[in-house]
Amino acid sequence: MFEGKNVLLCVTGSISVYKAVDLASKLVQDGATVDVIMTESATKFVTPLSFQSITHRPVHTDMWAPVAEFNIKHVALAERADVIAIAPATANTIAKIARGIADDLLSCTVLSTKASVIVAPAMDVGMYQNSATQENVKRIRNRGFKVVGPAIGHLASGLEGPGRLAEVPAIQAAIYQVLGQNGDLAGKRIVVSAGGTQEPIDPVRYIGNYSSGKMGFAIAEAARNRGAFVTLIAASTSVPPPLGVELVPVQTAMQMREAVLELSRTASALIMAAAVADYRPQNSAPNKIKRKQKDLKLELSKTPDIVAEVSGSVIKVGFAAESQDLLQNATGKLKEKGLDLIVGNDITAPDSGFSVDTNKVIIIDRNGEADQLPLMPKIEVAHKILDRVVALLPRVAH
Ligand code: PMT
């Protein structure tokens, strides 16, 4: 995804440095080239070798270390970077960059760069809440630096409060948003639905389905990483949603309908990966139904077909979860619902469909052309769908 992109990870002295090692690993796995600068204090917690082993690149610790080619190290690193992330960022480093002090490799590089800078503070609660630090954080925010965290919780000192380094996915999301700025979905608004609706029977029971949200979340994450502004309408799910997207939680098909109709009006594309109930109880009992009668009959009403109701120039992508006649049923739904594309998934195939991390899908377009994809991780399926959406974009008014 991020091949050819250069991330400069600047690491300062905090017990949370171990999370930066994990962050570096995730960035490398997603294809980015990661250069690391460590301050002297950072090297007291973790050795440069840890980062070097993960990034397969030399780690920069010394402003004055001899270099193979003639260049000014901090200028070269500053110019090379597509994004700079300072994680963890101590109170001392934040103070230096807030005031433009340049007395080590990290601060010189940040002062020289034109790249976007992300700062993830990590320090004790007292240091973070001190008005000096608060002023410095405000100052860097005003200069356009993106501050991620700190998280609130247990600190190394034993105290509780704000000061914990933000979790890796939060820092990663901020980095990917910057890297995706020039992606093929930059400036586009994409609405994605995910998860399974729940239709209440009474206050404790509902009609639901096995959707985990993984497929829709993968699409939202992939679109975010390609530069889109993503609105994620999420019904019931069992995994955490991606960060860096606008989250709209819903429960029922009717709530999802309201959100989809409203939000897709200004969207370039709507991708309906949610498993929406086709029927809902006609009446939801106000109190818990007692176990008194031998049999209980539920009267169900058909829910509105949400995606079919969406009109305008928005690109409409639906999913078809099928247990038989995949091609025929999916093609039928494409036509009935007026879709541009339908993603048919065979929910009987092993490791495909509900709850699993992989999916085996067939993408069908309006001309009836079908692209059968092999079993692959849902994030890869997401990119394949987005490739097709990108090809249709010139048709959209916004
Ligand atoms: O969340 P996961 O665990 O990762 O599982 C992923 C998934 C299996 C849920 C997903 O890949 C998937 O297939 N989603 C669509 C499931 C579904 O409801 O399919 P359907 O064939 O019943 O509906 C067809 C399309 O119409 C879907 O895009 C659906 O969102 C939409 N629909 C359905 C009913 C309704 N009342 N309104 C709708 O808009």
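Residues numbered from 1 in each chain as written. Predicted model: local features only at pLDDT ≥ 70, side-chain atom pairs only at ≥ 80, totals over all residues. Heavy atoms only, no water.

**What about the overall build of the protein chain?**
Part 1 of the argument: Secondary structure summary: the protein chain contains 14 helices and 22 strands in total.
Part 2 of the argument: Reported as C-alpha extents along the three principal axes, the dimensions of the protein chain are approximately 75 × 50 × 40 Å.
Part 3 of the argument: Across the 398 residues that make up the protein chain, the buried fraction comes to 49%.
Part 4 of the argument: Summarising the internal contacts of the protein chain: among those between residues at least 6 apart in sequence, 67% fall at separations of at least 24.
Part 5 of the argument: Within the structure as shown, the protein chain displays about 19,300 Å² of accessible surface, and the carbon and sulfur contribution to it stands at 51%.
Part 6 of the argument: Side-chain charges of the protein chain comprise 42 positive and 39 negative groups, with the mean position of each set lying 5 Å from the other. (Helix = DSSP H or I, 4+ residues; strand = E, 2+ residues; numbered from the N terminus. Buried < 20%, exposed > 50% of the residue type's maximum accessible area, 1.4 Å probe, protein only. Contact = heavy atoms within 4.5 Å. Areas by Shrake-Rupley, 256 points an atom, 1.4 Å probe, with all protein chains shown as cover. Lys, Arg positive; Asp, Glu negative; His and termini not counted. Charge placed at Lys NZ, Arg CZ, Asp CG, Glu CD.)

**Description of the nonpolar core**
Part 1 of the argument: Ranked by internal contacts, the top residues of the largest apolar core, which has 35 residues, are Ile219, Ile271, Val317, Phe319 and Ile385.
Part 2 of the argument: The dominant element in this core, judged by the number of residues it contributes, is helix H10 (residues 214-225), at seven residues.
Part 3 of the argument: With sequence-adjacent residues up to four places away left out, isoleucine 385 is seen in contact with Ile219, Val317, Phe319, Val343 and Ile363.
Part 4 of the argument: Counting 34 residues, the second-largest nonpolar core is a separate cluster that includes Ala87, Ala122, Ala166 and Ile175. (Core = buried A, V, L, I, M, F, W, Y, C linked by side-chain atoms within 4.5 Å.)

**A few points about the domain arrangement of the protein chain**
Part 1 of the argument: Annotation of the protein chain at the domain level lists domain 1 (6-179) and domain 2 (189-392).
Part 2 of the argument: Put simply, the middle of domain 1 and the middle of domain 2, counted by C-alpha atoms, are 38 Å apart.
Part 3 of the argument: Opposite the five residues of domain 1 that make contact, domain 2 presents four residues.
Part 4 of the argument: Carbon and sulfur atoms supply 63% of the area that domain 1 and domain 2 bury against each other, a total of about 410 Å² over both sides.
Part 5 of the argument: Per-residue buried area on domain 1 facing domain 2 is highest for Ala173, Tyr176 and Gln177; these three make up 81% of the total on that side.
Part 6 of the argument: Linking domain 1 to domain 2 there are zero salt bridges.
Part 7 of the argument: Counting every contact that joins domain 1 to domain 2 gives one residue pair in polar contact (both at pLDDT 80 or more).
Part 8 of the argument: Split into classes, the residues belonging to the side of domain 1 that touches domain 2 amount to four nonpolar, one polar and no charged. (Domains from an automatic or database assignment. Buried area = accessible area lost by both parts, 1.4 Å probe. Salt bridge = Lys/Arg side-chain N within 4 Å of Asp/Glu carboxyl O. Polar contact = N/O pair within 3.5 Å; in protein donor to acceptor, adjacent residues only side chain to side chain. Nonpolar A, V, L, I, M, F, W, Y, C, P; charged D, E, K, R; others polar.)

**Regarding the environment of alanine 122**
Part 1 of the argument: On the secondary structure map, alanine 122 appears in the loop between strand S5 (116-121) and helix H7 (125-129).
Part 2 of the argument: If sequence neighbours within four positions are ignored, alanine 122 has contacts with Ser14, Ser16, Pro88, Ala89, Thr90, Gly163 and Leu165.

**Structural notes on the site of the ligand**
Part 1 of the argument: In the vicinity of the ligand there are 29 residues, among which Ser211, Ser212, Lys333, Asn345 and Ser355 approach most closely.
Part 2 of the argument: Within the backbone of serine 355, a nitrogen or oxygen atom sits 2.6 Å from an oxygen atom of the ligand.
Part 3 of the argument: Put simply, the parts of the chain that give the shell around the ligand at least two residues each are H10, helix H12 (306-309) and strand S17 (315-322).
Part 4 of the argument: Top contributing element to the shell around the ligand by residue count: S17, with four residues. (Near = heavy atom within 4 Å.)

**What to know about the sheet that holds strand S2 (residues 33-38)**
Part 1 of the argument: Taken in spatial order, the six strands make up an open sheet running S3-S2-S1-S4-S5-S6, and their pairing is parallel. The open sheet terminates on both sides in strands that have one partner only, identified here as strand S3 (59-60) and strand S6 (146-147).
Part 2 of the argument: As paired elements, S5 and S6 share two bridges and run parallel to each other. Within S6, the residue paired with valine 119 across the bridge is valine 147.
Part 3 of the argument: Those strands touched by helix H3 (residues 48-55) are strand S1 (6-11), S2 and S3, and its axis lies near 175° from that of S2. (Pairing = 2+ DSSP bridges. Axes fitted to C-alpha atoms, helices over the stretch in contact; angles between N-to-C directions.)

**What about a nonpolar patch on the surface?**
Part 1 of the argument: The grouping of Tyr210, Ile347 and Phe354 at the surface amounts to a nonpolar patch, some 320 Å² of accessible area in total.
Part 2 of the argument: A relative accessible area of 69% places tyrosine 210 in the exposed class. (Patch = residues over 30% accessible without salt bridge, like charges linked within 9 Å, V, L, I, M, F, W, Y side chains within 5 Å.)

**What to know about the pattern of salt bridges**
Part 1 of the argument: Applying the stated criterion across every chain yields a total of 21 salt bridges.
Part 2 of the argument: For lysine 19, the salt bridge is made with glutamate 167, and the minimal N-O distance between the two is 3.3 Å. Of this pair, lysine 19 sits in helix H1 (residues 17-29) while glutamate 167 sits in the loop between strand S8 (160-164) and helix H9 (168-179), and the two are 148 residues apart along the sequence.
Part 3 of the argument: Overall, the relative accessible area of 42% leaves glutamate 167 in the partly exposed class.

**As for the state of the cysteines**
Part 1 of the argument: Going through the model one piece at a time under the given rule, you end up with zero disulfides.
Part 2 of the argument: The thiol of cysteine 10 is unpaired, and the distance to the nearest cysteine sulfur, on cysteine 108, comes to 11 Å.
Part 3 of the argument: Judged by relative accessible area, which is 0%, cysteine 10 ranks as buried. (Disulfide = S-S within 2.5 Å.)

**Quick word on helix H6 (residues 105-112)**
Part 1 of the argument: With six of eight residues buried, H6 lies mostly within the body of the structure.
Part 2 of the argument: Where H6 is concerned, the buried positions are Leu105, Leu106, Ser107, Cys108, Thr109 and Val110.

**Comments concerning the side chain of glutamate 322**
Part 1 of the argument: Mapped onto the elements of the fold, glutamate 322 is located in strand S17.
Part 2 of the argument: Engagement of the side chain of glutamate 322 in a polar contact is seen with the side chain of asparagine 329, the distance being 3.4 Å.

**Focus on the pairing of S5**
Part 1 of the argument: Within S5, five of the six residues are buried, leaving the element largely enclosed by the surrounding structure.
Part 2 of the argument: With five bridges connecting them, strand S4 (residues 83-89) and S5 associate as parallel partners. The residue bridging alanine 85 from the neighbouring strand is isoleucine 118, located in S5.

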